[in-house]
Structure formats: structure tokens, C-alpha cells
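What the coordinates show
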Amino acid sequence: MVDAVVVGAGPNGLTAAVELARAGLSVQLYEAAGTVGGGARTEELTLPGFRHDPCSAVHPFGVGSPAFGALPLARHGLEWLHPEVPMAHPFPDGTAAVLGRTVGETAASLGPRDAGTYRRLLAPYAGHWDAIAEDFFRPPWAGLPRDPYRFVRFGLTGTPPAAALALRFRDPKARALIAGLAGHAISRLTEPFTGAMAMMFALAAHERGWPVARGGSQAISDALAGLLTELGGEIRTGFTVRKLDELPPARAYVFDTSPTALARIASLGDAYRGYRYGPSVFKIDYALDGPVPWTAPQARRAGTVHLGPSYTEIGDALSRAVTGRAPQTPFLITSQPTVVDPSRAPAGKHVFWAYAHVPHDWHGDATDAMERQIERFAPGFRDLVLARAVTGPAALAARNANYVGGDIACGAFAGLQTVLRPRLAAIPYATRRPGVFLCSSATPPGPGVHGMSGHNAAKAVLRHLRRSAARTAKADRQTASSSR
């Protein structure tokens, strides 16, 4: 009997497997696809020599992850590359707000009326990323926060919606910056906790940056897989798990899957009946003949560029996605990794991707609307396009079964589900079937290539196995005593 079987080789499944192997357990990992990676892959989607990230490409929470930080991933080939500007938010007049590596740089880009407000918002947390990340990414049972003062202060400021946070600022540029950061949640800006999302993304830029992995996001997955193999773990790809009894006997099973898939595989019935999936995205990967011709100079040096000229326009785009309406003027999150990693494309060429938010399981085509939006800030962009790979919700779900209806967050950010994922439970990684656990981004702390859901789930598995061993030992002692 193997100690632990992990199903799904996304970043969380890989991290869970590594943590269990580090604890001395025998681990087998099963993945349906032909390679490991999940949402952290790199492929030639357009033309030969152009290496694209089909999903996640920029990793502010990866470079700042307590789980990744404790692992020797650099020894297995992972190298973070930092663009000169983590994120730029350009405007039609050729100017841009900048999310820089320091609070001061960002504040200066917002203008004199909002610079002080931004400093007061983020400066109290500067230099404290390790404690903040540990407190906000930790499992629910972990006890008192490492930094109670900042934990409470951050929570009080970030629990209200981004709409309330934006009201602190006086000018449209700062409000648009906040809205764009909160937009990563793919939720209406009036939802609670979206303010915390904006603050965490901003603080991550100031403390750890918004880097890409050299060679592509696949490097993160490959480094985790290499470490797992070094620790004695076994990886089997091309193996689709439909029922639990298809797997070898094990003391624990850990699933990096959607709650829906876990319920089906492990015969959990309606255990996650109330779990809701959220909006999707419409993504386009581009092979370009040259760099994106942004009118804002700051955007030419940025790894990530947000496109939405106002809080109102961004809010409307997000609201349309949540309420099931087709995009009109989409808010775009874009990435240009060849700004800092030219190895991703042939000499002089570039890779670029953009995604818009669209309704759950939407079947329309947002290509024209997205490219019109890009042209507003980079006239002549279309003339540089050598090839494009278009991926809508159905294609996303087909590529990755965790993206139900194209939901890349593996669950809606709405109401209490924002923080109580996938259900109200003291140990959200455990299921009602003993020895079966969930470790995907449907569990705390949620989406992102940071491995913390897998890390936390592994801790829950180890607690379970220790208690099981203690109960078995106690029963053996009682049996031995009664036999005497």
C-alpha cells in the first residue's frame, strides 16, 4: 500500500505531493494530460519557436509563496525574471499609472492628489510580506496570526469591496488602477473582499515583484516535478481517473480537481451541491512581428498591462461577465513576457496574450472587441500579428477539466464563497469520506500559481495520518492488554 496518491499535476497537486514526500511518505501522482502543469504550462500555440503560456503567465504570488520559498526549486531550473515595470495601466492620452517595485514609485505615477493616499494605504505593510503572506495563505486551523496587528489592519481595510477602496482616491487614474487590480478576482467591484485582492496584488509587486519564469510557466511545474522525483515520488501522466477504485490502495488520496470532479470520482454525492462556478475568460495568444506599440512609454517596459481607462468601464465589463451579458468594451489583462525573456520567441519577434472576462460557458467570439480595445492604447497592433490562438470558455474547459465552464478560478468569488471555499468546514481540504482530500484552487487560499492550497492540504493529510496511526496504536495496545 502506498502512503498517498495525488490526482492532478497542477501546481497544487505537485506541491502537495512534494510536501508529503518531504515528510517521508511514499507518493504516487496521476495526471490525465501528457505532461504535468495544469494551469502552469508552456506550449507552441501559434507558430514554431513562439512559446506561450496557455493560462497563467505572471506570478506575483508564486515568487512570494511561502510554500515555493521553502523548496529548492532553483536547483531544478526555476528562475524568476523581473520586468523593469511590474504592471502598467495606460490611458488614451498616452500616460499611464504604474504599479512599481516600490510604494513611492506607484504613488508618484498617480499624481499629487492621490500619491499620499496610496502611501498611507500600502506603506504600513512594506517590508512585512513574509508575515502577511504566511497569515493570509495559511490553513484555517493554524492558530494566531504571525503578525496580529497587520493582519487585523489589513483585514479591516480589505474586507470592504474595491468600490469602497476606490472612493479613497480623488482622480480617475488611481481609481482605475485599483479597479484593474481587483479585476483579477473576476467579480463585481461591489463584492466584499475585492479590496483585499487589489491590496494583495499591489503589495506583492512592491515586495516581491510580478515576475515570469524563464522559458515559461512550465518551468515552475517542471521544477516541482523534478523535486518530487528526487524525493522518490512517482509521476504517471496520460492517466484519467474516473473512479477511486481505479487507483492503487493508499492511506490517503489527494485531488487537485474541481469539487464537482472529486464528488463524482469519490462517490461523494451532493457534498458540494451549493458550490458555484464563476465567469470565464476569452483568451488570445499572439505571435507578433515586433513589440506592442503602446503609446504610453511605461507600458513598453511592463511585464503586465491592464487595459481599461476608467473605474466605470472596468466595473461594467466585470459586471457584464458576472451577470451573463456579452462583452462590449472589455477590460483586458495582458502579458508580454518577451519584454524580459526573449527566449520565448525567435529573434526580434514577441509573444503576447490578452484575456477578457466573459460569462460562464459563453460561446461567443470576443476577438474583434478585444483587438479594438488594444488598438486604443497601441495603434497599429493588428499590423504586427503573425498568428493568433483563440481560446474561449469551452476550449479552456476542454484543456483543463478544473475550469468548469471556463472558470479559471475554479469557483466564483462571490459572497461567503470568497473565503469559505469549497464549503463551510473546520478543515476545508478534508471530505466526508475519510482519507480523501481536496487540494485545488477551490480550497483556501484560492486561485493562483502559489502552491499554497496543495501545501495546506498536505498538512491536513499529515495530521490525519498521525491521528490514524495513534488510534491504531491505541487499539493494538488495548487488544494486547485484553489478550493477556
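Residues numbered from 1 in each chain as written. Predicted model: local features only at pLDDT ≥ 70, side-chain atom pairs only at ≥ 80, totals over all residues. Heavy atoms only, no water.

**Digging into the overall build of the chain**
The cut-off we apply is this: Note on conventions: DSSP H or I runs of at least 4 residues are helices, E runs of at least 2 residues are strands, and numbering of each starts at the N terminus. Restricting the calculation to C-alpha atoms gives the radius of gyration, and the globule rule supplies 2.2 Å times the number of residues raised to the power 0.38. The contact criterion used is simple: two residues touch if any of their non-hydrogen atoms lie within 4.5 Å. The accessible surface values rely on the Shrake-Rupley method and a 1.4 Å probe; as for residues, cover is taken only from the protein chains in view.
When helices and strands are counted, the chain shows 17 helices and 14 strands. The C-alpha atoms of the chain give a radius of gyration of 22 Å, which matches the 23 Å a tight globule of 484 residues would have. When its C-alpha atoms are laid out on the principal axes, the chain stretches across 90 × 50 × 40 Å. Considering only intrachain contacts with a sequence separation of at least 6, the fraction spanning at least 24 residues in the chain is 74%. As displayed, the chain has an accessible area near 18300 Å², and 54% of this comes from carbon and sulfur atoms.

**Thoughts on unusual backbone geometry**
Of note, the amide linkage connecting arginine 421 to proline 422 takes the cis form, showing an omega dihedral of -5°. Residue position: proline 422 is located in the loop between α16 (393-399) and β14 (436-438). Despite not being glycine, serine 267 has its phi angle at roughly 55°, a positive value. Turning to its location among the elements, serine 267 is positioned in the loop between α12 (259-265) and β9 (280-288).

**Some thoughts on helix α10 (residues 194-207)**
Think of an α-helix as 3.6 residues a turn; residues three or four steps apart then line up on the same face. This is how it is decided: How far a helix is expected to stretch is found by multiplying one less than its residue total by 1.5 Å. Categorising residues by exposure relies on relative accessible area from a 1.4 Å probe, with only protein chains included: less than 20% of the type maximum marks a residue as buried, more than 50% marks it as exposed, and the intermediate range marks it as partly exposed.
For α10, with 14 residues, the first-to-last C-alpha span of 20 Å sits near the 20 Å given by 1.5 Å per residue. The element α10 is largely enclosed, with a buried count of 14 among its 14 residues. The first or second residue beyond α10 is glycine 209, which carries a positive phi of 90°.

**Focus on the nonpolar core**
Worth spelling out the cut-off: Working definition of a nonpolar core: buried Ala, Val, Leu, Ile, Met, Phe, Trp, Tyr and Cys residues. They are joined through side-chain atoms within 4.5 Å.
Counting residues in hydrophobic clusters, the biggest one holds 62 residues, and the most contacted among them are Leu99, Tyr118, Leu181 and Trp210. Setting aside residues no more than four positions away along its own chain, leucine 181 makes contact with Met87, Leu99, Met197, Ala198, Phe201, Ala202, Trp210 and His306. Among the nonpolar cores identified, the runner-up in size contains 39 residues, and Leu20, Val36, Leu224 and Tyr429 belong to it.

**Points about the pattern of salt bridges**
Cut-off, in case you're wondering: A pair is scored as a salt bridge if a Lys or Arg side-chain nitrogen falls within 4 Å of a carboxyl oxygen belonging to Asp or Glu.
For the coordinates displayed, the defined rule picks out 22 salt bridges. Taking the shortest distance from any N to any O, the salt bridge between arginine 273 and aspartate 270 comes out at 3.5 Å. Judged by its relative accessible area of 68%, arginine 273 falls in the exposed class. Residue aspartate 270 is classed as partly exposed on the basis of its relative accessible area of 42%. Via salt bridges that share partners, Asp368, Glu371, Arg372, Arg382 and Arg388 belong to a single interconnected network.

**A look at the sheet that holds strand β7 (residues 234-237)**
The criterion, for reference: At least two bridges found by DSSP between two strands are what make those strands a pair. Note on method: axes are straight lines fitted to C-alpha atoms, helices fitted across the in-contact stretch only, with angles between N-to-C directions ranging 0 to 180 degrees.
Read from one edge to the other, the open sheet built from five strands follows the order β7-β2-β1-β8-β14, with strand pairing classed as parallel. Two strands close off the open sheet at either side, each with one partner strand: β7 and β14. Each neighbouring strand pair of the sheet contributes to a mean axis angle of 20°, computed without reference to strand direction. Relative to strand β8 (residues 250-255), strand β1 (residues 2-7) is paired through five bridges, and the arrangement is parallel. Each bridged residue has a counterpart across the sheet, and for valine 2 the counterpart in β8 is alanine 250. Along the sheet face, helix α1 (residues 11-22) touches β1, β2 (27-31) and β8 and points at about 170° away from the line of β2.

**Brief notes about the side chain of glutamate 371**
Relative to the helices and strands, glutamate 371 resides in helix α15 (residues 367-377). With residues near it in sequence (within four places) discarded, glutamate 371 still touches Tyr286, Arg382 and Arg388.

**Digging into a nonpolar patch on the surface**
Test applied: In this analysis, a patch consists of residues with relative accessible area above 30% that form no salt bridge, clustered at 9 Å for like charges and at 5 Å for the nonpolar side chains Val, Leu, Ile, Met, Phe, Trp and Tyr.
Where nonpolar side chains cluster on the molecular surface, the patch consists of Leu416, Val419, Leu420 and Leu424 and spans about 400 Å² of accessible area. Note on placement: valine 419 falls in the loop between α16 and β14.

**Looking at the packing of helix α7 (residues 148-158) against α10**
Convention followed: Here is the rule for angles: anything less than 35 degrees is roughly parallel, anything more than 145 is roughly antiparallel, 65 through 115 is roughly perpendicular, and the remaining ranges are oblique. Residues are grouped as follows: Ala, Val, Leu, Ile, Met, Phe, Trp, Tyr, Cys and Pro are nonpolar; Asp, Glu, Lys and Arg are charged; every other residue, Gly included, is polar.
Contact geometry of α7 with α10 gives a least axis separation of 7 Å together with a crossing angle of 125°. The angle between α7 and α10 falls in the class oblique. Here α7 contributes Phe154, Thr157 and Gly158 to the contact with α10, which in turn contributes Gly195, Ala196, Met199 and Met200. Grouping the constituent residues of the contact of α7 with α10 by class yields four nonpolar, three polar and no charged.

**With respect to the packing of aromatic side chains**
The cut-off we apply is this: Note on aromatic contacts: the rings of Phe and Tyr and the six-membered ring of Trp form a pair at centre separations within 6.5 Å, being stacked when their planes are under 30 degrees apart, edge-to-face when over 60 apart, and tilted otherwise.
One pass over the full model with this rule turns up 14 aromatic pairs. Their ring planes at 25° and their centres at 4.8 Å tell us that phenylalanine 61 and phenylalanine 201 sit as a pair that is stacked. With phenylalanine 61 in helix α2 (residues 60-63) and phenylalanine 201 in helix α10, this residue pair connects regions lying 140 residues apart in the sequence. An identical accessibility class is assigned to phenylalanine 61 and phenylalanine 201; each is buried. Between phenylalanine 201 and tryptophan 210, the aromatic rings sit 5.7 Å apart at their centres with planes inclined by 65°, giving edge-to-face as the arrangement. Since its relative accessible area comes to 9%, phenylalanine 201 is described here as buried. Ring pairs connect the aromatic residues Phe61, Phe137, Phe201 and Trp210, which therefore count as one cluster.

**Structural notes on the environment of glycine 406**
Among the secondary structure elements, glycine 406 is positioned in the loop between α16 and β14. Taking C-alpha positions, glycine 406 is 9.7 Å from threonine 391, a pair spaced 15 residues apart along the chain. When neighbours within four sequence positions are excluded, glycine 406 is seen to be in contact with Pro279, Ser280, Val281, Pro393, Leu396 and Ala397.

**Things to note about the sheet that holds strand β12 (residues 350-358)**
Strands pair in a sheet through their backbones, by hydrogen bonds, and they do so in one of two ways: parallel or antiparallel. Here we have seven strands laid out as an open sheet, ordered β5-β4-β10-β11-β12-β9-β13, and mixed in their pairing. In this open sheet, the two edge strands, each paired with only one partner strand, are β5 (96-99) and β13 (385-391). On average, each strand axis in the sheet is tilted by 20° relative to the strand beside it, whichever way the strands run. Pairing of β9 with β12 involves nine bridges; the strand directions are antiparallel. Within the sheet, the bridge partner assigned to lysine 283 lies in β12 and is tyrosine 355.

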